[in-house]
Amino acid sequence: MKLSVIILNYNVRYFLELCLKSVEEAIANIDAEIIVIDNNSPDDSCAMVKQLFPTIKLIENHENLGFSKGNNIGVAQANGEYLCILNPDTVVAEDTFTKLIQYADSKENLGIIGCQLIDGKGQFLPESKRNVPTPKVSLNKMLGKTNDYYANHIQAENKGKVAILVGAFMWLKKDVYKAVGGFDEAYFMYGEDIDLSYKVVKAGYDNYYYGDTTIIHFKGESTLKDAKYAKRFYGAMQIFYKKHFKQNLFFNVIVWLGIKLASFLNKVPVSLETKTNKSYVRSKTLDESLEKQLPKPIQFLDSLEDKIESHSMVVYDFNMLKTTDVIRDMKQKSKQENIVFRFLPKNSKFIIGSDSALNRGIVLHF
């Protein structure tokens with residue numbers, strides 16, 4: 001088998017449904033399998049997978065085991081030459097996996113490949129490619145200086161070697177994953193992807209950023225203005241530093257300052273709502289019950305190239321559209337101010353989207 005797609009899920013049932021439908025399209029011509037590991041979600045994620053995706057291998061954990069252990073459990077049952085570690089709040093393009101197989105097969109000494117990520121508003125996510133987060137680099141990031149944290153030497157659409165890739169999408173050989181011990185289960189949440197990336201580099205492999213394919217990652221990167229996130233992030237960094245760097249007073253002081261400062265960042269982050277005054281729908285038909293919930297007036301788009309106004313919602317119908325075309329259109333339309341996007345999965349009765357990394361997304365049922 002060529003590919004195993006590993007998806008660890010926790011309580012994002014509707015994002016998971018959209019993700020799985022996109023993955024099925026992307027593996028249509030590949031000898032591949034999909035493995036979903038559920039970390040004891042309180043929603044009906046598992047029931048949905050069993051009903052809508054009966055051929056997918058579903059692993060139901062009876063407690064939330066965290067990101068590292070959950071993925072390790074999935075990889076242990078994977079049969080593919082390649083692994084794709086994938087977040088459930090993502091949408092992959094139809095050609096993502098075929099492009100990466102071709103690119104990966106051409107590389108010797110291959111470590112991990114990451115691709116271009118955009119958020120639910122069509123904006124590029126800089127965590128798609130990062131440098132090694134030394135204590136100094138991490139402290140600067142906390143202070144808002146991110147030039148050394150992100151791998152800005154490579155443009156978003158280009159390709160090249162990088163050190164650190166994001167856990168929302170990681171492509172690597174199963175043999176490499178096993179050689180470095182997989183995800184370190186000392187990390188419960190945050191830092192696992194940094195640790196795995198760095199372990200692979202230290203083992204002598206080359207990590208690559210591949211900007212020639214793009215996926216949607218709805219939630220994006222949490223902000224350090226969130227005190228809870230900051231504490232977890234710097235707690236994970238403390239594990240990372242103790243493991244990978246020689247300890248000295250400077251390192252310990254930087255880490256201590258970061259963790260202590262995080263405890264004072266208790267301001268509740270504000271998610272600014274985008275006010276939309278119009279809806280643009282790229283679909284052949286529109287259900288009446290959905291129509292009642294959309295911003296008025298509503299205009300049907302004859303093509304994705306049609307111009308739209310600011311302060312609008314764009315609804316994409318995957319019953320008639322390809323993900324590659326939707327992603328391309330999102331990138332273009334996101335250059336306008338105050339545009340939000342919603343997605344109607346194939347054969348579903350809801351639309352979904354996310355306008356901020358600070359919330360769990362928006363679902364409208366009809």
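What this report covers is the structure whose coordinates are included nearby. (Residues numbered from 1 in each chain as written. Predicted model: local features only at pLDDT ≥ 70, side-chain atom pairs only at ≥ 80, totals over all residues. Heavy atoms only, no water.)

1. Considerations on the overall build of the protein chain
Phase 1 of the analysis: If you tally the helices and strands in the protein chain, you get 11 helices and 15 strands.
Phase 2 of the analysis: Split into buried and exposed, the 366 residues of the protein chain put 54% on the buried side.
Phase 3 of the analysis: Of all intrachain contacts in the protein chain linking residues separated by at least 6 positions in sequence, the fraction that spans at least 24 positions is 73%.
Phase 4 of the analysis: Surface summary for the protein chain: the accessible area is close to 16,400 Å², and the carbon and sulfur share equals 49%. (Helix = DSSP H or I, 4+ residues; strand = E, 2+ residues; numbered from the N terminus. Buried < 20%, exposed > 50% of the residue type's maximum accessible area, 1.4 Å probe, protein only. Contact = heavy atoms within 4.5 Å. Areas by Shrake-Rupley, 256 points an atom, 1.4 Å probe, with all protein chains shown as cover.)

2. Observations regarding the pairing of strand S9 (residues 206–217)
Phase 1 of the analysis: The buried count for S9 comes to 10 of 12 residues, which makes it a mostly enclosed element.
Phase 2 of the analysis: Inspection of the sheet shows strand S5 (residues 90–91) paired to S9 by two bridges, in the antiparallel sense. Residue pairing in the sheet places Thr90 in a bridge with His217 of S9.
Phase 3 of the analysis: Alignment of strand S6 (residues 110–118) against S9, held across seven bridges, turns out to be parallel. Looking at the pairing, Gly114 lines up with Tyr209 of S9.
Phase 4 of the analysis: Bridge count between strand S7 (residues 159–161) and S9: three bridges; the pairing is antiparallel. Paired with Gly160 across the strands is Tyr209, a residue of S9. (Pairing = 2+ DSSP bridges.)

3. Re helix H3 (residues 66–76)
Phase 1 of the analysis: Taking burial as the measure, the 11 residues of H3 include eight buried ones, the bulk of the element.
Phase 2 of the analysis: Regarding H3, the residues found buried are Gly66, Phe67, Ser68, Gly70, Asn71, Asn72, Gly74 and Val75.
Phase 3 of the analysis: Turning to H3, the residues buried within the fold contact strand S1 (3–9), strand S2 (32–39), strand S3 (57–61), strand S4 (82–86), helix H6 (174–179) and helix H7 (192–202).

4. Here we look at the pattern of salt bridges
Phase 1 of the analysis: Under the definition given, this model contains 21 salt bridges.
Phase 2 of the analysis: Linking Asp193 and Arg130 is a salt bridge whose minimum nitrogen-to-oxygen distance equals 3.1 Å. Linking Asp193 in helix H7 with Arg130 in the loop between S6 and helix H5 (135–142), this pair joins segments that are 63 residues apart in sequence. There is no split in this pair, since Asp193 and Arg130 are both buried.
Phase 3 of the analysis: In this structure, Lys333 engages Asp329 in a salt bridge whose closest nitrogen and oxygen atoms are separated by 2.7 Å. Separated by four residues within a single helix, Lys333 and Asp329 lie in helix H11 (residues 323–333), roughly one turn from each other. Across this residue pair, the class does not change: Lys333 and Asp329 are buried.
Phase 4 of the analysis: Each member of the salt-bridge network shares a partner with another, and the members are Arg13, Glu17, Lys21 and Asp44. (Salt bridge = Lys/Arg side-chain N within 4 Å of Asp/Glu carboxyl O.)

5. Here we look at the packing of helix H1 (residues 13–26) against helix H2 (residues 45–52)
Phase 1 of the analysis: With their axes 9 Å apart at the nearest point, H1 and H2 run at an angle of 30° to one another. With respect to their mutual orientation, H1 and H2 come out roughly parallel. Between H1 and H2 lies a crossing of right-handed hand. Across the interface between the two elements, Arg13, Leu16, Glu17 and Leu20 from H1 touch Ser45, Met48, Val49 and Leu52 from H2. (Axes fitted to C-alpha atoms, helices over the stretch in contact; angles between N-to-C directions. Parallel < 35°, antiparallel > 145°, perpendicular 65-115°, else oblique. Left-handed = near helix turned anticlockwise from the far one by under 90°.)

6. Description of H1
Phase 1 of the analysis: An ideal rise of 1.5 Å per residue puts 20 Å on 14 residues; H1 measures up with 20 Å between its terminal C-alpha atoms.
Phase 2 of the analysis: Of all 14 residues in H1, 11 are buried, a share of seventy percent or more.
Phase 3 of the analysis: Turning to H1, its buried residues number three or more, namely Arg13, Phe15, Leu16, Glu17, Leu18, Cys19, Leu20, Lys21, Ser22, Val23 and Ala26. (Expected span 1.5 Å × (residues − 1).)

7. Focus: the side chain of Lys278
Phase 1 of the analysis: In this structure, Lys278 sits in strand S10 (residues 278–282).
Phase 2 of the analysis: On the basis of relative accessibility, which here comes to 14%, the residue Lys278 falls in the buried class.
Phase 3 of the analysis: In terms of polar contacts, Lys278 uses its side chain to reach the side chain of Tyr280, at 3.3 Å.
Phase 4 of the analysis: Excluding residues that lie within four positions of it along the chain, Lys278 makes contacts with Pro295, Lys296, Pro297, Gln299, Glu309, His311, Ser312 and Met313. (Polar contact = N/O pair within 3.5 Å; in protein donor to acceptor, adjacent residues only side chain to side chain.)

8. Thoughts on the packing of aromatic side chains
Phase 1 of the analysis: Scanning all chains against the criterion turns up 13 aromatic pairs.
Phase 2 of the analysis: Ring centres of Tyr103 and Tyr210 lie 4.6 Å apart, and the angle between their planes is 50°; this geometry places the pair in the tilted category. Here Tyr210 lies in strand S9 and Tyr103 lies in helix H4 (residues 96–105), a separation of 107 residues in the sequence.
Phase 3 of the analysis: Classification of Tyr103 as buried rests on a relative accessible area of 12%.
Phase 4 of the analysis: Taken together, a centroid distance of 5.4 Å and an interplanar angle of 75° make the contact between Phe218 and Phe343 edge-to-face. Taken together, the residues span a long stretch of sequence, with Phe218 in the loop between S9 and helix H8 (227–244) and Phe343 in strand S13 (residues 339–344) at a distance of 125 residues. We note that Phe218, like Phe343, is buried.
Phase 5 of the analysis: Taken together, Phe15, Phe218, Tyr316, Phe318, Phe341 and Phe343 form an aromatic cluster joined through their ring pairs.
Phase 6 of the analysis: If you follow Lys129 out to its NZ or CZ, it ends over the ring of Tyr209, 5.8 Å from the centre. (Phe/Tyr/Trp six-rings, centres within 6.5 Å; stacked < 30°, edge-to-face > 60°. Lys NZ or Arg CZ within 6 Å of the ring centre and 35° of its normal.)

9. Things to note about the environment of Tyr209
Phase 1 of the analysis: Of note, Tyr209 is situated in strand S9.
Phase 2 of the analysis: Separated by 94 residues in the primary sequence, Tyr209 and Cys115 have C-alpha atoms spaced 5.8 Å apart.
Phase 3 of the analysis: At 2.5 Å, the side chain of Tyr209 forms a polar contact with the backbone oxygen of Ala156.

10. Digging into the pairing of S3
Phase 1 of the analysis: Here S2 runs beside S3; their pairing, made up of five bridges, is parallel. Its bridge partner being in S3, Asn39 is matched across the sheet by Asn61.
Phase 2 of the analysis: Regarding the hand of the β-α-β motif, the stretch spanning S2, H2 and S3 is right-handed. (Right-handed = clockwise from strand over helix to strand, strands pointing away.)

No statement about biological role is implied by the geometric values presented.
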